Number of protein chains: 2
Amino acid sequence: MTSQPLARAAGERQRDADRTKAEILQVAQREFARHGYAGARVDEIAERTRTTKRMIYYYFGGKEQLYIAVLEKAYTEVRAAEQTVDVAHLAPVEAIRTLAELTFDHHDAHRDFIKLVGIENIHEAEHIRKSELLANLGAPVLDIISRILDAGQESGDFVTEADAIDVHMMISAFCFFRVANQHTFGALFGRDMTAPEHRARLRTMVGELTVAYLRAAGAPA
Amino acid sequence: MTSQPLARAAGERQRDADRTKAEILQVAQREFARHGYAGARVDEIAERTRTTKRMIYYYFGGKEQLYIAVLEKAYTEVRAAEQTVDVAHLAPVEAIRTLAELTFDHHDAHRDFIKLVGIENIHEAEHIRKSELLANLGAPVLDIISRILDAGQESGDFVTEADAIDVHMMISAFCFFRVANQHTFGALFGRDMTAPEHRARLRTMVGELTVAYLRAAGAPA
DNA sequence: CGAAAGTAACTCACTGGTTCGTACATTACA
DNA sequence: TGTAATGTACGAACCAGTGAGTTACTTTCG
């Protein structure tokens, strides 16, 4: 075997290919998030990578499969991040408040993902439904919320008998809307919900809101 | 002047043109809502109207201007609907609950509008900003909420000192998310938030949620 | 051991269909 | 005759996707 750098082993080429695929996915995520599915250009993605369009088709098969791969990667990363959450050691009120704030931070930190979700909803989730990987992606968050709700009922901290999915939906709605609709909301109400001063207050607000709802009795006075 | 129906007055032709424009806008709204801005096809819109593509360009000037016209019409209608809301005669708690539920109903009834808002946010509101009509569309809803909040503070029903825009944002977030994200949420959690049984519960929930938040003291217990 | 066959990664040039937009002719009416 | 409205046909750019090969390495087998 020569000592020339030209002689590359198969494993090495494999790693190169994986790195290239990862690069394509990253660039594609930006492109799809910025322009939507129809607005995204495969040529543009190719141009922003070290590869060619031909290679994108070689690796992924087509625009739609590339888009689905982007979705799968994005969702998988998000779920992985969720797994690291540990609120089991906290008292119910603090646990749900912390979970709400973590969700808030998470949405704040993954703008491209939020956009992809929005885009996917415009297409009525037709691509997600084509992905087996995503179709079976039950959310462990629901387990966490369920446990917190049960503990809260037990301790008497929570009066409202809430459904875990509803609570998750409520928290997600708040966090999602602030990021996803920042532009139209900003244009219409002249307030940038993502500006630092508003960000901090709204972060506290999700927690307060959730706790207030769970604590509330039906209708006193 | 002949009595032939061929002889049509100028005013009559004008009305025809207006009717045609309205028809184009309606069809265009569906097309844009379904496929996004880039995904929408001018030829498709033309085919679904009694007009030709040539006339669309004659009336609106181009695809983007047509899209902006669609946005303007949709937003104007929504604001008009909001104007009809009257909660001034209600006590603060009932007033804010009613407002929340009306917002809920409104989102429920205008799916295409919700989609357009989502699409516009993907494009970071670039089209809305090009419209003078929409740029200056301050929301009267904020006045209503402000008055309710003030009355609630006065009467002692509300303890939380909330900002009107924040409250509006919170209510909108809940209502918007349920409709806009129904597809991905359904795919991931196996729940159709727009199904009748969930719809009713969630409608009550927005009201409860808002009231609970406004009533809540900082941290009792 | 070494030639031949095989294979994954990659390049280049190209195409067929689509899509926004328009030039030009024509009609309806003032 | 002039002007606004409308039909027809077309162009030019764009864009997803591919055909046909090349390179560089591995495996097979005489």
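For the structure itself, consult the block above.
Here is what the cut-offs are and how they apply
Residues numbered from 1 in each chain as written. Chains lettered and ligands numbered in written order. Predicted model: local features only at pLDDT ≥ 70, side-chain atom pairs only at ≥ 80, totals over all residues. Heavy atoms only, no water. Helix = DSSP H or I, 4+ residues; strand = E, 2+ residues; numbered from the N terminus. Expected span 1.5 Å × (residues − 1). Buried < 20%, exposed > 50% of the residue type's maximum accessible area, 1.4 Å probe, protein only. Arc of directions from axis to C-beta. Contact = heavy atoms within 4.5 Å. Buried area = accessible area lost by both parts, 1.4 Å probe. Salt bridge = Lys/Arg side-chain N within 4 Å of Asp/Glu carboxyl O. Polar contact = N/O pair within 3.5 Å; in protein donor to acceptor, adjacent residues only side chain to side chain. Nonpolar A, V, L, I, M, F, W, Y, C, P; charged D, E, K, R; others polar. Least-squares fit on C-alpha atoms with pLDDT ≥ 70 in both. Phe/Tyr/Trp six-rings, centres within 6.5 Å; stacked < 30°, edge-to-face > 60°. Lys NZ or Arg CZ within 6 Å of the ring centre and 35° of its normal. Core = buried A, V, L, I, M, F, W, Y, C linked by side-chain atoms within 4.5 Å. Axes fitted to C-alpha atoms, helices over the stretch in contact; angles between N-to-C directions. Parallel < 35°, antiparallel > 145°, perpendicular 65-115°, else oblique. Left-handed = near helix turned anticlockwise from the far one by under 90°.

As for helix 8 (residues 141–155) of chain A
Next, step 1: For helix 8 of chain A, with 15 residues, the first-to-last C-alpha span of 21 Å sits near the 21 Å given by 1.5 Å per residue.
Next, step 2: Regarding helix 8 of chain A, the residues found buried are Val141, Leu142, Ile144, Ile145, Ile148, Leu149 and Gly152 of chain A. All buried residues of helix 8 of chain A lie within an arc of 160 degrees about the axis, which places them on one face of the element. Turned more than 90 degrees from where helix 8 of chain A packs its buried face, Arg147, Asp150 and Glu154 of chain A sit exposed.
Next, step 3: The inward-facing, buried residues of helix 8 of chain A contact helix 4 (63–83), helix 5 (92–109), helix 9 (164–180) and helix 11 (196–215) of chain A together with helix 10 (182–189) of chain B.
Next, step 4: Remark: Gly156 of chain A follows helix 8 of chain A within two positions and exhibits a positive phi of approximately 85 degrees.

Observations regarding the interface of chain A and chain B
For an interface, size is often stated in terms of accessible area lost upon the parts coming together.
Next, step 1: Taken together, the contact pairs 61 residues of chain A with 60 residues of chain B.
Next, step 2: Buried area between chain A and chain B, summed over both chains or domains, comes out near 5000 Å², and the portion from carbon and sulfur atoms is 68%.
Next, step 3: By the criterion of area lost to chain B, the three top residues of chain A are Ile122, Met169 and Leu188 of chain A, representing 14% of everything that side buries.
Next, step 4: Its salt-bridge partner being Arg191 of chain A, residue Asp166 of chain B comes within 2.9 Å of it at the nearest N-O pair.
Next, step 5: At the junction of chain A and chain B, the tally comes to 14 residue pairs in polar contact (both at pLDDT 80 or more).
Next, step 6: Of all the elements in the fold, those that place two or more residues in the side of chain A that touches chain B are helix 1 (10–39), helix 4, helix 6 (111–122), helix 7 (132–135), helix 9, helix 10 (182–189) and helix 11 of chain A.
Next, step 7: Residue contributions to the side of chain A that touches chain B peak at twelve residues, all from helix 9 of chain A.
Next, step 8: A breakdown of the residues in the side of chain A that touches chain B according to their chemical character gives 35 nonpolar, 14 polar and twelve charged.

Side note on the relation of the copies chain A and chain B
Next, step 1: In the superposition of chain A on chain B (RMSD 0.1 Å, axial shift 0.0 Å), the rotation amounts to 180 degrees. Taken together, these values place the two copies in the relation of a two-fold axis.
Next, step 2: A shared interface surface links the copies, since 98% of the contact residues of chain A are contact residues in chain B too.

Some words on the side chain of Arg178 of chain A
Next, step 1: With respect to the helices, strands and loops of the structure, Arg178 of chain A is situated in helix 9.
Next, step 2: Given a relative accessible area of 0%, Arg178 of chain A falls into the buried group.
Next, step 3: A distance of 3.1 Å separates the side chain of Arg178 of chain A from the backbone oxygen of Met193 of chain A, its partner in a polar contact.
Next, step 4: Ignoring any residue separated from it by four or fewer positions in sequence, one finds Arg178 of chain A in contact with Phe104, Asp108, Met193, Thr194, Arg199 and Leu202 of chain A together with Met169 of chain B.

Considerations on the packing of aromatic side chains
Next, step 1: In total, this model carries 16 aromatic pairs over all chains according to the counting rule given.
Next, step 2: Measuring from centroid to centroid gives 5.7 Å for Phe177 of chain A and Phe176 of chain B, while their planes differ by 75 degrees, and the two rings are edge-to-face. In this pair, Phe177 of chain A is assigned in helix 9 and Phe176 of chain B in helix 9 (residues 164–180), connecting two distinct chains. The exposure classification of Phe177 of chain A matches that of Phe176 of chain B, with both residues buried.
Next, step 3: A cation over an aromatic ring shows up here: Lys63 of chain A above the ring of Tyr37 of chain A, its NZ or CZ 4.9 Å from the ring centre.

Details of the pattern of salt bridges
Next, step 1: For the coordinates displayed, the defined rule picks out 32 salt bridges over all chains.
Next, step 2: Among the salt bridges present, the one from Arg111 of chain B reaches Asp108 of chain B, with a minimum N-O distance of 3.0 Å.
Next, step 3: Within the structure, one salt-bridge network assembled from shared partners comprises Asp108, Arg111, Arg178 and Arg199 of chain A.

Focus: the nonpolar core
Next, step 1: Ranked by size, the top nonpolar core spans 139 residues in total, and within it Phe32 of chain A together with Phe32 of chain B carry the most contacts.
Next, step 2: Those residues in contact with Phe32 of chain A that sit more than four places away from it in its chain are Tyr37, Ala40, Ile45, Lys63, Leu66, Tyr67, Val70, Leu116 and Ile119 of chain A.

Here's the deal with the packing of helix 3 (residues 53–60) of chain B against helix 4 (residues 63–83) of chain B
Residues and elements named next belong to chain B.
Next, step 1: Where helix 3 meets helix 4, the axes come as close as 9 Å, and the angle between the chain directions of the two elements is 70 degrees. By the angle between their axes, helix 3 is roughly perpendicular relative to helix 4. Crossing geometry of helix 3 relative to helix 4 is assigned as left-handed. Residues Ile56, Tyr57 and Phe60 of helix 3 form the contact with helix 4, whose participating residues are Lys63, Gln65, Leu66 and Ala69.
Next, step 2: Each residue belonging to the contact of helix 3 with helix 4 can be placed in one class, and the counts come to five nonpolar, one polar and one charged.

Overview of the packing of helix 8 of chain A against helix 9 of chain A
All names here are of chain A.
Next, step 1: Remark: helix 8 packs on helix 9, axes separated minimally by 9 Å, with the N-to-C direction vectors making an angle of 110 degrees. For the element pair helix 8 / helix 9, the angle class is roughly perpendicular. In this structure, the crossing between helix 8 and helix 9 has a hand that is right-handed. Taken together, the residues of helix 9 that come into contact with helix 8 (itself represented by Val141, Leu142, Ile145, Ser146 and Leu149) are Ala164, Ile165, Val167 and His168.
Next, step 2: Residues of the contact of helix 8 with helix 9, tallied by class, amount to seven nonpolar, two polar and no charged.

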